[in-house]
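Listed below, chain by chain, are the residues.
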Amino acid sequence: MIFSEAAEQWFEYKQPFVRAATLRNYSTLKGILIKYFKDCDTEKIKRSDIQTYINLCGESYTRQTVISRLKILRQIFEHLEELNEDFISPVSKIKIPRCKNSKELIISTVSDINKLMKVKCPQYKKDLIQIAFRTGMRIGEILTLKWSDINFEENYLIVNRTLSVYNNGHVIINAPKTPRSHRAIDLDSVTISILKRIMSENGTSNDFIFTKKNGEIYSRQCVRLYELCDKAGIPRRNFHSLRHTHISYCLSHKIDITTVQSRAGHTDATTTLHYA
């Protein structure tokens, strides 16, 4: 069997078991691997061939990208092993080479956030930016917030769900990314004020806080932060950078690592320390 056929079989096998967002990522990685291995006979692909490919990846990509590609390669060949008991996967004892340095974490400043608040754009975009900056929540978590998730008496919210993708026009809402992502986040006075204003303006007839006039949830691409940064005259950032900024801001203000880890929903504290 040639590699492209093996990859397609693996992809078809995985579809019922993973989320739409994960499947989309798998599809991208599958295409990248097929482009390299193309019509190679899987029976003739050796461990040295896999190592050569991984070494090449390390020259141009970060360690995390290389690991992601190796992971999918391993799964494709392990699936072949399951289909053919005589087949032995060549993805064994592959070493991760020294890779291109990861991009520096993109962190905004409080001044940048203030400039964004002065840009002419729909108010809901500014509200999403402020909440991301002040809570460290992911965009999918914010967009699926419900009024029932907010405790105004004790000033905190609960992260219960996330928006994965729009699939042919249909909203897909899942549980948070990891068990630790299901968390409580204390809210500051500014965030509470924003939420109370939205409640006053829109009411609570819709369970979800951030919706269009027709009641639909906004898509994950509703805030094109690059464009707003250009208008504000500040360095370009993506929306997820607001999460990075929040975590970095908390650590720089001497909030203990356990508390910051909990707010971010990180499984491992070393991930949180990466922002220090």
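Below, the structure is looked at part by part.

Analysis parameters
- Residues numbered from 1 in each chain as written.
- Predicted model: local features only at pLDDT ≥ 70, side-chain atom pairs only at ≥ 80, totals over all residues.
- Heavy atoms only, no water.
- Pairing = 2+ DSSP bridges.
- Helix = DSSP H or I, 4+ residues; strand = E, 2+ residues; numbered from the N terminus.
- Disulfide = S-S within 2.5 Å.
- Buried < 20%, exposed > 50% of the residue type's maximum accessible area, 1.4 Å probe, protein only.
- Core = buried A, V, L, I, M, F, W, Y, C linked by side-chain atoms within 4.5 Å.
- Contact = heavy atoms within 4.5 Å.

Before going further, it helps to spend a moment on the sheet that holds strand 2 (residues 156-158). Read from one edge of the open sheet, 3 strands run 1-2-5, paired in antiparallel fashion. Looking at which strands have only one partner, the edges of the open sheet turn out to be strand 1 (150-151) and strand 5 (184-186). The pairing of strand 2 with strand 5 spans 3 bridges and is classified as antiparallel. When the sheet's bridge partners are listed, Ile158 is paired in strand 5 with Ala184.

Moving on to the state of the cysteines. Considering all chains together, one arrives at 0 disulfides under this definition. We note that Cys57 lacks a disulfide partner, and the nearest cysteine sulfur, in Cys99, lies 8.7 Å from it.

Take the environment of Leu228 next. Here Leu228 shows up in helix 9 (residues 225-232). Overall, Leu228 belongs to the buried group, its relative accessible area being 6%.

By size, the foremost hydrophobic cluster in this structure holds 40 residues, and its most contacted members are Leu116, Ile129, Ile142, Leu143, Phe210 and Phe239. Taken together, the elements giving at least two residues each to this core come down to helix 5 (110-116), helix 6 (123-135), helix 7 (139-143), helix 8 (189-202) and helix 9. The greatest single-element share of this core, amounting to 5 residues, is contributed by helix 6. If we ignore the near neighbours within four places in the chain, the residues touching Phe210 are Tyr124, Asp127, Leu128, Ile131, Ile142, Leu143, Ile198, Ile217 and Tyr218. If you look at the next biggest cluster of nonpolar residues, it comprises 27 residues, including Ala7, Leu33, Phe37 and Leu80.

In short, geometric facts, not functional conclusions.
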